[in-house]
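Survey of secondary and tertiary structure
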Amino acid sequence: MQHVRIKSVDGEWVDRDMDGEELVAWLKDNSKDGQVTNDITLFADADFDVTKQEDAVEWVMSDMSLDRDQERVDPAGADFKNFKRNPVVLWAHDYTRPAIGKIANPKVRDGKVVGKVEFDDKDTDEFAWMIGQKVKKGIINAGSIGFKPTTVEFVEEPKDSTRLIHRKWELMEFSICNVPANTNAMAVRAEEPDMDSEKLTALEAKVAELEAKIQVINTPVEKKSYITELFKDKGEPSPENDKDDATIDTLFVASESSGQKETDKMFESMFAK
């Protein structure tokens, strides 16, 4: 189902829910040669990108992607003239609640409708500020445009499941919302940069080395060899020194018969320095 607002004969906006077939039928009944003759407000989901800003959030408000209702909104047909005079950002298309922010410089760029959302500050509107914080932290990841279609194209024999394209439309408002109708309307956030392949290879080698060391310390002889290497790594006196050799031997002399009786306390005290 798709939520819509239709202007009645007395000029009042009426909220309705329509499925895709009902919407197409309404538009066919209320258009001539693709020109919509009656006012209707529809809603389409949007992406956003929080990676290119500090206080503002860059949103991709519309592109040509197919939504769940088998509709497309053509960015090339966007009309911002009236919206720029009152570029409001709402919460969940609630026209009764004061705006929680505004959009700076909405425009079409690279085939997408984009704009930067500026949320109200905490002192003026704590709710608006809270929503902005949730967006920036990635808790809320969805937005939606409210728009009025003025020219539509009915796709009678689509190559895919597209049945309706909004070719020209007027942007009415933009809303932050919890749950989008379009599965593609999610945050476009900065991905972690790919690790340099050489560094990744070195890291994998180091992990393999550590895993090998963990596996190899299974017998007293192997343990003695490993501890000798640790002495070298720590910059301790050379194990070839008789005193140091005797110290290492002491650690393992009790375990040579069973392989299970190494003196852990002595070992820990040596490396706790």
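The structure under discussion appears in the preceding block.
Presented here is a report on the structure given in the accompanying data block. The shown structure was predicted, so the numbers you read here are calculated from the model rather than taken from an experiment.

**Considering the overall build of the protein**
From N to C terminus, the protein includes 6 helices and 13 strands. Within the span of the protein, comprising 273 residues, buried residues form 39% of the whole. Across the protein, the fraction of contacts at a sequence separation of at least 24, relative to all contacts at a separation of at least 6, is 63%. With the model as given, the accessible surface of the protein reaches about 16400 Å², and the carbon-plus-sulfur share is 49%.

**Describing the side chain of T151**
Mapped onto the secondary structure, T151 falls in strand 12 (residues 142-154). Overall, the relative accessible area of 13% leaves T151 in the buried class. With near-sequence residues (within four places) excluded, T151 lies in contact with G34, Q35, V36, I165, H166, R167 and K168.

**Considerations on the layout of surface pockets**
Counted as a void, the second largest pocket has a volume near 240 Å³. W13, T41, N82, F83, N86, V88, L90, Y95, E170, L171, M172 and E173 together form the lining of the second largest pocket. Secondary structure elements with two or more residues in the lining of the second largest pocket: strand 9 (88-91) and strand 13 (164-177). Considering every element that reaches the lining of the second largest pocket, the biggest residue donor is strand 13, with 4 residues.

**A closer look at the environment of D121**
Inspection of the secondary structure assignment puts D121 in the loop between strand 11 (112-119) and helix 2 (126-136). The class of D121 is partly exposed, set by a relative accessible area of 40%. With 21 residues separating them along the chain, D121 and I100 place their C-alpha atoms 9.1 Å apart. What D121 contacts, discounting residues up to four positions off in sequence, is E126 and W129. Of the polar contacts made by the side chain of D121, one reaches the backbone nitrogen of T124; its length is 2.7 Å.

**Some details on unusual backbone geometry**
The phi torsion of most residues other than glycine is negative, and most of the peptide bonds are trans. Although it is not a glycine, N105 sits at a positive phi angle of roughly 55°. If you trace the backbone, N105 turns up in strand 10 (residues 101-109). The phi dihedral of D110 is positive, around 55°, even though this residue is not glycine. Classification of D110 as exposed rests on a relative accessible area of 73%.

The rules behind the values
Residues numbered from 1 in each chain as written. Predicted model: local features only at pLDDT ≥ 70, side-chain atom pairs only at ≥ 80, totals over all residues. Heavy atoms only, no water. Helix = DSSP H or I, 4+ residues; strand = E, 2+ residues; numbered from the N terminus. Buried < 20%, exposed > 50% of the residue type's maximum accessible area, 1.4 Å probe, protein only. Contact = heavy atoms within 4.5 Å. Areas by Shrake-Rupley, 256 points an atom, 1.4 Å probe, with all protein chains shown as cover. 1 Å grid on protein atoms, 1.4 Å probe; cavity = no way out; pocket = protein on both sides within 12 Å on 5 of 7 lines; lining within 4 Å. Points joined across faces, edges and corners; volume = space filled by probe spheres on them. Polar contact = N/O pair within 3.5 Å; in protein donor to acceptor, adjacent residues only side chain to side chain.

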